Amino acid sequence: MPSSRTGRPPVQQRAVRRPAAPRAPRENPVRRLHTRARRAWDRPLTAYYLILGGSLLITVLGLVMVYSASQITALQMSLPGSYFFRKQLLAAVIGGILLYSASRMPVKLHRALAYPILAGAVFLMALVQVPGIGMAVNGNQNWISLGGSFQIQPSEFGKLALVLWGADLMARKQDKKLLNQWKHMLVPLVPVAFLLLGLIMLGGDMGTAIILTAILFGLLWLAGAPTRLFVGVLSVASLIGVILIKTSPNRMARLACIGATEPRSGGADCWQAVHGIYALASGGIFGSGLGASVEKWGQLPEAHTDFIFAVTGEELGLAGTLSVLALFAALGYAGIRVAGRTEDPFVRYAAGGVTTWITAQSVINIGAVLGLLPIAGVPLPLFSYGGSALLPTMFAIGLLIAFARDEPGARAALAMRQPRFGRKRGAGGSAGPRRWNTMRRRVSAARSSGER
């Protein structure tokens, strides 16, 4: 070993360790998941997918539950077990055509249809009161027979008419800067809405009248009605509602059944409300199984229409009912998002009106089944049996889809999509033979010409 000048062995120099770079703190998995969900939630096509996917899932699940809940009723009426399901499936197919047509219509055509739909709805609702034409179902004179077993309820189309016509009216007034005057905000929207309400109440359908009132308030709220005006209209509507309830023993009995736990509560017949609670309570977490409901065997009236949510809770349990609630919540959020992000006044009013309609009707139906609200006799949108309710609702969903596609960000995102199979080749845009557009081919095309 070589020695140093002093005769001592050289001291080996130790390698100096550099301080390690501080590690980045690990991100909280919950926060990372929340960040990803928020990014996905803010994408341009989120509302479009929520409306399309949510409405289709609700409709398909509704068809399944209609088939399960209506079999016993059909057999008791000496009909085939799939009788109501086939009718609902036919209505869903027609409604799907309406949904697709509405989703592809331009906004100008939607606005052009507002007045014809309103005039047709008013004419049919007045025709219901003509003896020999209108017919009563469950005590309500709100139906017109189309021959055979097919009937139509014009008041369901009155909801769509009020949404489209009211949205067009308020949009035109906003363009002319007239909504800052209370008379232009109320007239003629409120008189026409009261005309529709009067025609509905002539037949005794309080539930549909409540939905129309909710749509009216939704349009006024979106138009920026001042608080005193809003409260004034609400007070008048509430006073009329109290008078109509007080003068009807049937409505008073329904009011007395809120929260009832016995079929006879306070002298009122609460059989339907109580057995709806029994159905929900016996479902447990995951339900008794599809088709295994006990309450639908004659114990629960209207099991496939107004109280189909109770049968869903019995057969699919808490998991099934929460899934239905989540789908309606997603649909409502998407509608609010479309109404909030648009710059077109008509789109804002129409999207807000449709969202108010579907949300209010869902809350009233589910609240009645849970015993929190009086039984109003309104179906669960897209879910309950009834073609008259399904057709205008699916057309309204088509409106929301069209509005969601028309957002600037969504329009750009849809325009950037590439065709899935093949591309045009050759100079001058001449179309060549189609090739499989796989991921490998896309990666190869992105490389530079010298890369191997």
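Look above for the structure.
The following refers to the structure shown.

### Notes on the overall build of the protein chain
- A tally of regular secondary structure across the protein chain gives 16 helices and five strands.
- Relative to its 452 residues, the protein chain shows a buried fraction of 43%.
- Of all intrachain contacts in the protein chain linking residues separated by at least 6 positions in sequence, the fraction that spans at least 24 positions is 67%.
- With the model as given, the accessible surface of the protein chain reaches about 25000 Å², and the carbon-plus-sulfur share is 63%.

### Quick look at the environment of T342
- Mapped onto the elements of the fold, T342 is located in the loop between α12 (308–341) and α13 (345–369).
- Along the primary structure T342 and D406 are separated by 64 residues, whereas in three dimensions their C-alpha atoms are 8.7 Å apart.
- Ignoring anything within four residues of it in the chain, the contact list for T342 reads V347 and R348.
- Within polar-contact distance, the side chain of T342 engages the backbone nitrogen of D344 at 3.1 Å.

### Examining the pairing of strand β1 (residues 134–137)
- Here four bridges tie β1 to strand β2 (residues 140–147), and the two strands are oriented antiparallel to one another. Pairing of M135 across the sheet is with W143, part of β2.

### Focus on the nonpolar core
- With 110 residues, the main nonpolar core has I51, L189, L220, I397 and F403 as its most contacted residues.
- Each residue touching I397, except ones within four places of it in the same chain, is listed here: I51, S55, L99, L331, I358 and L382.

### Things to note about the sheet that holds β2
- Taken in spatial order, the three strands make up an open sheet running β1-β2-β3, and their pairing is antiparallel. Looking at the sheet topology across the chains shown, the edges are occupied by β1 and β3 (150–152). Direction aside, neighbouring strands of the sheet carry axes that sit 55° apart on average.

Definitions and cut-offs
- Residues numbered from 1 in each chain as written.
- Predicted model: local features only at pLDDT ≥ 70, side-chain atom pairs only at ≥ 80, totals over all residues.
- Heavy atoms only, no water.
- Helix = DSSP H or I, 4+ residues; strand = E, 2+ residues; numbered from the N terminus.
- Buried < 20%, exposed > 50% of the residue type's maximum accessible area, 1.4 Å probe, protein only.
- Contact = heavy atoms within 4.5 Å.
- Areas by Shrake-Rupley, 256 points an atom, 1.4 Å probe, with all protein chains shown as cover.
- Polar contact = N/O pair within 3.5 Å; in protein donor to acceptor, adjacent residues only side chain to side chain.
- Pairing = 2+ DSSP bridges.
- Core = buried A, V, L, I, M, F, W, Y, C linked by side-chain atoms within 4.5 Å.
- Axes fitted to C-alpha atoms, helices over the stretch in contact; angles between N-to-C directions.

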